[in-house]
Amino acid sequence: MKYRKNMEDRVDIWKEIFEKVRKTPFIDTHEHLSEESDRLSISPEKDSWISMMGPYFSDDLISAGLDEQGRAKLLDTELSLHERWAVVEPLWGAVRNTAYAKALEFSVKELYGIDEISFSTIDQIQEKYLEFRKEGFYKEAFSSRYAHIESCQVNSLDGAPFRESEQPELLMQDLSIVPMFAREEVVLGLSIEKFSEPANISVQSIDDWYKVIDWYFVQYGEKAVAVKSQNAYNRDLDYDPVAKESAAPLFLKRIKKEEMSEEEMKALENHLFGYTVGKATEYNLPVKLHTGYFAGFNGMPMARVARNPGDMSNLCMNFPNTRFVFMHMTYPYESELLALTKHHRGAVADMCWAWIIDPVAAQNFLKRYLVTAPLNKILTFGGDHSYVECTIGHAAIARRGIARALTELVQEEWFTLEEALAVVEPIMCGNAKEIFHID
Ligand SMILES: [Zn+2]
């Protein structure tokens, strides 16, 4: 009888918490969404829902055994939907269990009312996909009917460091700082010449380069919601301080295209990173850093990822006035992130992307976070998607995880039900508003 009573209590707690989580909008702290008009410029004949399987999900397909030619076929928009699905079908059973796949199925369910992705539903999904994809569909996708997101923060991958959005209230933007400090081969074609062009500055010295960086902050510092670097894909986060006197001659070497050693390139990056982070701090912009797990396949240097937490704590100490938003829960080093966030004032934990990498770890992380570190430094959602439709499924998974974590905290008597309900607003949107200065 007692067991039964406990079960009933559990259901009641869950219901009440989930209802609150459902009604509360997210501030989504990380997306790669293109502009709606860019999405709509693709002709419907070439626009297939199966392209949504490209980012993330196809990484799992490769991990499960698909070869790269197979993946290229899946991504080939010249092929028919059926030809592309033929690549997925043999492995669907092997990858359908992952949250990458579940997020897609959640999206299809929430958006199109179709319960599963299978050969028997792919045509129907296509029909509904094209039906939904029309002017205003970003707003619709973010409405309380679907993802229930008040605004999101886009890290544009168009190439330009900042994108002027057509919907700036909905698609807030990060300013990418990678071209300001990173070596040329990682900055997506933004050489010193190209990057300084809009500022109309001819760069002959490190002082000129500072002026270029300053120009970007003058132009976009007010409009941007944060600055962002994903340079952890290219190197360690050990941006140790390097003085201007050492960096200036290295910069001259770089603009003269003289050969530079790895050590020299790293020292120059470290110095410019310091200058850039200083600027961001001056502009009151949080510094978002990719940490932890890598998107993609067959290429994650785990030893380097494992060094992230140590480097992150040095960053907090070397830049004591900067707010670092450590992204992706630093997965799989979320315990270290928890310790960092508890210890360093400047550290903020961002769970963007985490709910579809390892949803159980995400749920446990949130639960542990809420009884370990200050409430005002946790951000619980960022989709990290290029398709707005995918954000819907991801948000559905995140909402369930958040509600489960809070339900368990009540059952285990860490929180009363009232306390659990009271943290929903800050962790889903209130903290983001404060950290990113959103009215
Ligand atoms: Zn991302």
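Residues numbered from 1 in each chain as written. Predicted model: local features only at pLDDT ≥ 70, side-chain atom pairs only at ≥ 80, totals over all residues. Heavy atoms only, no water.

Undergrad: Summarise the sheet that holds strand β4 (residues 226-229); cite the residues concerned and give the values.
TA: Taken in spatial order, the eight strands make up an open sheet running β1-β2-β3-β4-β5-β6-β7-β8, and their pairing is parallel. Only two strands of the sheet have a single partner each, and these edge strands are β1 (26-31) and β8 (378-379). Inspection of the sheet shows β4 paired to strand β5 (residues 287-289) by three bridges, in the parallel sense. Directly across from S229, in β5, lies its bridge partner L289. In this fold helix α15 (residues 334-343) packs onto β6 (324-326) and β7 (347-350), with an angle of close to 140° to the strand it touches most, β7. Seen against the sheet, helix α18 (residues 388-411) touches β1 and β2 (149-154) and runs at an angle of roughly 125° to β1. (Pairing = 2+ DSSP bridges. Helix = DSSP H or I, 4+ residues; strand = E, 2+ residues; numbered from the N terminus. Contact = heavy atoms within 4.5 Å. Axes fitted to C-alpha atoms, helices over the stretch in contact; angles between N-to-C directions.)

Undergrad: How would you summarise the coordination of the zinc ion if you had to cite specific residues and measurements?
TA: In the first shell of the zinc ion, the protein supplies H30 (NE2), H32 (NE2) and D384 (OD), at 2.1 Å from the metal. Each donor residue of the zinc ion lies on one chain, and together they are spaced H-x1-H-x351-D. This pair shows no difference in class: H30 is buried, exactly as H32 is. (Donors = N, O, S within 2.8 Å, 3.2 Å for Na, K, Ca; no water. Buried < 20%, exposed > 50% of the residue type's maximum accessible area, 1.4 Å probe, protein only.)

Undergrad: If you had to explain the environment of S51 to someone new, which residues and values would you point to?
TA: Secondary-structure assignment places S51 in the loop between α2 (36-40) and α3 (57-64). Given a relative accessible area of 12%, S51 falls into the buried group. Between the C-alpha atoms of S51 and E19, which are 32 residues apart in sequence, the distance is 33 Å. Setting aside chain neighbours within four positions, we find S51 in contact with T77, R84 and Y387.

Undergrad: Residues and numbers for the layout of surface pockets, please.
TA: Unoccupied space between atoms shows up once a probe the size of one water molecule is rolled over them. Here the largest pocket is characterised by a volume of approximately 840 Å³. Together, 38 residues line the largest pocket, and H32, N155, L157, Q230 and Y233 are the ones closest to its centre. Tallied by class, residues from the lining of the largest pocket come to 15 nonpolar, 16 polar and seven charged. In this structure, the second largest pocket occupies an estimated 510 Å³ of space. Around the second largest pocket, the lining comprises 24 residues; the ones closest to its centre are M172, E222, K223, A224 and V225. Where the lining of the second largest pocket is concerned, the elements lending two or more residues are β2 and β3 (171-176). (1 Å grid on protein atoms, 1.4 Å probe; cavity = no way out; pocket = protein on both sides within 12 Å on 5 of 7 lines; lining within 4 Å. Points joined across faces, edges and corners; volume = space filled by probe spheres on them. Nonpolar A, V, L, I, M, F, W, Y, C, P; charged D, E, K, R; others polar.)

Undergrad: Residue-level account of the domain arrangement of the chain, with values.
TA: Often, the extent of an interface is quoted as the loss of accessible area on bringing the components together. Along its sequence, the chain is carved into domain 1 (48-132) and domain 2 (137-435). Each of domain 1 and domain 2 has a C-alpha centre, and these two points are 29 Å apart. In this assembly, 20 residues from domain 1 lie in contact with 26 residues from domain 2. Of the roughly 2,000 Å² buried between domain 1 and domain 2, counting both surfaces, carbon and sulfur atoms make up 69%. Its largest share of buried area at the contact with domain 2, domain 1 owes to Y56, E110 and F132, together 30% of the area lost on that side. Counting across the interface, domain 1 meets domain 2 through zero salt bridges. (Domains from an automatic or database assignment. Buried area = accessible area lost by both parts, 1.4 Å probe. Salt bridge = Lys/Arg side-chain N within 4 Å of Asp/Glu carboxyl O.)

Undergrad: How would you summarise the pairing of β1 if you had to cite specific residues and measurements?
TA: The two faces of the sheet receive side chains in turn, since in a regular strand these alternate between them. Counting buried positions over the six residues of β1 gives six, a clear majority of the element. By the bridge criterion, four bridges tie β1 to β2 in an arrangement that is parallel. When the sheet's bridge partners are listed, D28 is paired in β2 with C152.

Undergrad: How would you summarise the pattern of salt bridges if you had to cite specific residues and measurements?
TA: If you walk through the whole model with that rule in mind, you get 27 salt bridges. Close ionic contact of E389 with R39 constitutes a salt bridge, the shortest N to O distance being 2.9 Å. Note that E389 is positioned in helix α18 and R39 in helix α2, a separation of 350 residues in sequence. What emerges from the salt-bridge pattern is a single network uniting R183, R235, D238, E262, K266 and E269.

Undergrad: A description of helix α13 (residues 262-282) should follow, citing residues and the corresponding values.
TA: Taking 1.5 Å per residue as the helical rise, α13 with its 21 residues ought to reach 30 Å, and the 30 Å between its terminal C-alpha atoms agrees with that figure. Along α13, the residues classified as buried are A267, L268, E269, N270, H271, L272, F273, T276, V277, K279 and A280. One or two positions beyond α13, positive phi appears at N284, with a value near 65°. (Expected span 1.5 Å × (residues − 1).)

Undergrad: Requested: an account of the side chain of T322, with residues and values cited.
TA: With respect to the helices, strands and loops of the structure, T322 is situated in the loop between α14 (302-318) and β6. Only 2.7 Å separates the side chain of T322 from the side chain of T281, close enough to count as a polar contact. With sequence-adjacent residues up to four places away left out, T322 is seen in contact with V277, T281, V287 and G346. (Polar contact = N/O pair within 3.5 Å; in protein donor to acceptor, adjacent residues only side chain to side chain.)

Undergrad: Can you break down the nonpolar core residue by residue, with the values?
TA: In a soluble, globular protein the nonpolar side chains are often hidden away together inside. With 135 residues, the main nonpolar core has I17, W49, M53, F57 and L406 as its most contacted residues. Sorting elements by how many residues they give to this core places α18 first, with 12 residues. When we break this core down by domain, the ones giving at least three residues each are domain 1 (48-132) and domain 2 (137-435). Sequence-distant contacts of M53, that is, excluding residues within four places in its chain, are made with S58, L74, W85, V88, W92, L104 and I117. Core analysis: the next-biggest nonpolar cluster, separate from the first, contains 12 residues, I27, V225, L379 and I438 among them. (Core = buried A, V, L, I, M, F, W, Y, C linked by side-chain atoms within 4.5 Å.)

Undergrad: Provide a residue-level description of empty space enclosed by the protein, including the pertinent values.
TA: What the rule picks out here adds up to three cavities of 30 Å³ or more. P55, Y56, L104, H385 and C390 are the residues nearest the centre of the largest cavity, which is lined by 13 residues in total. Considering each element in turn, the lining of the largest cavity owes the most residues, four residues, to helix α6 (residues 99-112). Classifying every residue of the lining of the largest cavity gives 10 nonpolar, three polar and no charged.

Undergrad: Break down the environment of F18 for me, with residues and values.
TA: Residue placement: F18 occurs in helix α1 (residues 2-23). Considered as a pair, F18 and A403 are 385 residues apart in the sequence and their alpha carbons are 5.2 Å apart. Residue contacts for F18: discarding those within four places in its chain leaves R399, R400 and A403.

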